[in-house]
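Structural overview
One-letter residues, chain by chain:
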Protein chains: 2
Amino acid sequence: MQTFDVHILGCGSALPTRKHLPSAQVVNLRDKLLLLDCGEGTQLAWRSTGLNWQHISHIFLTHAHGDHVFGLPGLLSTMSLLGRISPLFVHGPSNLLNFIKFITADFLADIGYEIHFQAVDTQQHSVVFEDRSMEVWSLPLQHRVPCCGYLIKEKPGLPHIRREMIDFYGIPTWAINRIKAGDDWTTPDGEVIPHSRLTTPPDRVRSYAYCSDTMPVEQMAEWIDGVDLLYHEATYAENEATLAQRYGHSTARQAALVAQSAHARRLMIGHFSSRYADERILLQEAQEVFANTLLASEGLRISP
Amino acid sequence: MQTFDVHILGCGSALPTRKHLPSAQVVNLRDKLLLLDCGEGTQLAWRSTGLNWQHISHIFLTHAHGDHVFGLPGLLSTMSLLGRISPLFVHGPSNLLNFIKFITADFLADIGYEIHFQAVDTQQHSVVFEDRSMEVWSLPLQHRVPCCGYLIKEKPGLPHIRREMIDFYGIPTWAINRIKAGDDWTTPDGEVIPHSRLTTPPDRVRSYAYCSDTMPVEQMAEWIDGVDLLYHEATYAENEATLAQRYGHSTARQAALVAQSAHARRLMIGHFSSRYADERILLQEAQEVFANTLLASEGLRISP
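Residues numbered from 1 in each chain as written. Chains lettered and ligands numbered in written order. Predicted model: local features only at pLDDT ≥ 70, side-chain atom pairs only at ≥ 80, totals over all residues. Heavy atoms only, no water.

1. A word on the sheet that holds strand β6 (residues 115–119) of chain B
All names here are of chain B. Spatial ordering of the open sheet is given by β6-β5-β4-β3-β2-β1-β18, a layout of seven strands whose pairing is mixed. Of all strands in the sheet, those with a lone pairing partner are β6 and β18 (301–302), marking the two edges. Alignment of strand β5 (residues 88–92) against β6, held across five bridges, turns out to be parallel. Opposite F89, over in β6, you have H116 as the bridge partner. Seen against the sheet, helix α3 (residues 72–81) touches β3 (32–36), β4 (56–60), β5 and β6 and runs at an angle of roughly 170° to β4. (Pairing = 2+ DSSP bridges. Helix = DSSP H or I, 4+ residues; strand = E, 2+ residues; numbered from the N terminus. Contact = heavy atoms within 4.5 Å. Axes fitted to C-alpha atoms, helices over the stretch in contact; angles between N-to-C directions.)

Set out below in structure tokens:
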């Protein structure tokens, strides 16, 4: 299977604690690195991943609250100090453009690479980025400020060559890529060997959805139906549902109901309120509705 | 002795490492907390000090480089979330005012306390803050942008009461404060007991100087003469003196020469370049000139 990993850098909420940093995750999809949110300390936590800064191509920001963006200035600065020259694409609600402009003007005058900001319509479910490996969709969320999550969908890879069949038919190397692309092979005797005999199907495609910060969104189930791994904020326990609603967040139970409706394979909950010394209370609450739930934690690496 | 502690939160330089956070220190002088610089991660490191956020009264910033200020937005935000209502005074070069205005306007709309910015003339050696416990002086530094360090000078406390003398003369409690303030005591028989017999002198006053980022400054020795503890940046070793000059920094040897000229009691070096996996090379270099040198390190608590 090709690489598709999610590295948790921070899964706390607005008040950082000794256990949790503010929100940030790195997605490594076939060695392309995407950063999801960038809370304070992201560049510090990054160093434990072993990943190469310079391979971050895109940063996807959900909303303009400090605990999701205050790590951005330091990260942008450090990448420049480390000699980055390739352009960086930052996606997020349009109200983040000023922040990026201000920081680059006041602190990053000598930056060695271009930063391209691409505003995301937080009320639209649409493709915000696409290349040959993936599609990234916006997921409108419901929070106190314009906010959207992101759905990362892997595109199908190529079929796998059946090495023994290539050897059996003496197929030359130059023909391999064409066969992978769908061609049959015609032997010197004129026999047509179908593509399906020479290959095995590509790996199943996987998907990852990142939903924070938000109250439960009814349409989410439709947008992320069948998602392999859903990260959904679960700031509060159900007995604090009133608080969750007041501040535009979800309870663990609500997160689990979203996962259930969406037929997710697995649910990972995070963005824990600092009031919980032990988040297992949130885990148990979610598991009562959706058994295949796990807790996010700093340093966790997980594949959808 | 009354409390006068320096807590090191970060003593790395522009590129944070696994060992070092960007610059930040907390000075606890008789339970008044001053923050010196505020690099990214300050609010995260703070939590290990056990100190109370709400007792920060003043923040002193040296210059507008990201590794000295990128922790400020998160810290200001968190203090508000934790219910701070008392005003906060932020001192620094005038070019930091826009940064603070921008952050408060865009991210701290609901902040529950006032932030007062007091511009510091980075070319003047003068008192920038004073109360009954201390004076804080600006120390003009030489860096790539306007920059000043800070000298914190404790004011004399009150003399100590000699308890046995108070008991011997039967002096009532209500008279204690007057005696501390300098009064003599007259017994019912008319005998005048001099103040000097009833008290011991106050504790010696102490001072702490924070000098970062900077090349060596010639007048520094005069401004901080006799300082108890000098923190001086030592970004590079002497064999990188050319780099130090290019980027407006000091070598360990140069930091030690400043301490020597200033008749400092102790020197603490910090702001280490990330190129040094082991800073003892810098320590040894400094100690060859000024024996009483130590390395700053995250989590260190030290008294001048």
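Picking up after the structure, the text goes on.
2. Re the packing of aromatic side chains
Using the criterion set out here, one finds 17 aromatic pairs over all chains in the structure. On the numbers, 5.0 Å between centres and 75° between planes, the contact of F107 of chain A with F99 of chain B is edge-to-face. Separated into two different chains, F107 of chain A in helix α4 (residues 97–107) and F99 of chain B in helix α4 (residues 97–107) make up a pair that spans both. Overall, the relative accessible area of 14% leaves F107 of chain A in the buried class. An aromatic cluster is built from F70, F99, F102 and F107 of chain A together with F70, F99, F102 and F107 of chain B, whose rings are joined through pairwise contacts. Here R84 of chain A stacks its cationic end above the ring of Y113 of chain A, 5.3 Å away from the centre of that ring. (Phe/Tyr/Trp six-rings, centres within 6.5 Å; stacked < 30°, edge-to-face > 60°. Buried < 20%, exposed > 50% of the residue type's maximum accessible area, 1.4 Å probe, protein only. Lys NZ or Arg CZ within 6 Å of the ring centre and 35° of its normal.)

3. Examining the packing of α4 of chain A against α4 of chain B
Contact geometry of α4 of chain A with α4 of chain B gives a least axis separation of 12 Å together with a crossing angle of 170°. With respect to α4 of chain B, the axis of α4 of chain A lies roughly antiparallel. Seen from α4 of chain A, the contacting residues are N98, F99, F102, I103, D106 and F107 of chain A; seen from α4 of chain B, they are N98, F99, F102, I103, D106 and F107 of chain B. A breakdown of the residues in the contact of α4 of chain A with α4 of chain B according to their chemical character gives eight nonpolar, two polar and two charged. (Parallel < 35°, antiparallel > 145°, perpendicular 65-115°, else oblique. Nonpolar A, V, L, I, M, F, W, Y, C, P; charged D, E, K, R; others polar.)

4. Examining the environment of S126 of chain A
Residue and element names in this part refer to chain A. Following the sequence through the fold, S126 ends up in the loop between β6 (115–119) and β7 (127–130). The exposure class assigned to S126 is partly exposed, which follows from its relative accessible area of 28%. Along the primary structure S126 and S273 are separated by 147 residues, whereas in three dimensions their C-alpha atoms are 30 Å apart. In this view, S126 contacts V136, W137 and S138; residues no more than four positions away in its chain are not counted.

5. Focus on the relation of the copies chain B and chain A
For the pair chain B and chain A, the superposition axis carries a translation of 0.0 Å, the fit reaches an RMSD of 0.1 Å, and the rotation angle comes to 180°. Taken together, the rotation angle and the small translation identify this as a two-fold axis. When C-alpha positions in chain B are compared against the rotation axis, the closest is assigned to G41 of chain B, at 2.8 Å. Interface overlap between copies is the fraction of interface residues in one copy that are interface residues in the other; for chain B against chain A it reaches 100%, indicating a shared surface. (Least-squares fit on C-alpha atoms with pLDDT ≥ 70 in both.)

6. Examining the sheet that holds β6 of chain A
Where strands meet in a sheet, backbone hydrogen bonds hold them as pairs that are either parallel or antiparallel. Residue and element names in this part refer to chain A. Here we have seven strands laid out as an open sheet, ordered β6-β5-β4-β3-β2-β1-β18, and mixed in their pairing. Because the sheet does not close on itself, it has two edges, and the strands there are β6 and β18 (301–302). One ladder, built from five bridges, connects strand β2 (residues 24–29) with strand β3 (residues 32–36); its direction is antiparallel. By the bridge assignment, V27 is partnered in β3 with L34. Relative to strand β4 (residues 56–60), helix α3 (residues 72–81) is tilted by about 170°, and along the sheet it contacts β3, β4, β5 (88–92) and β6.

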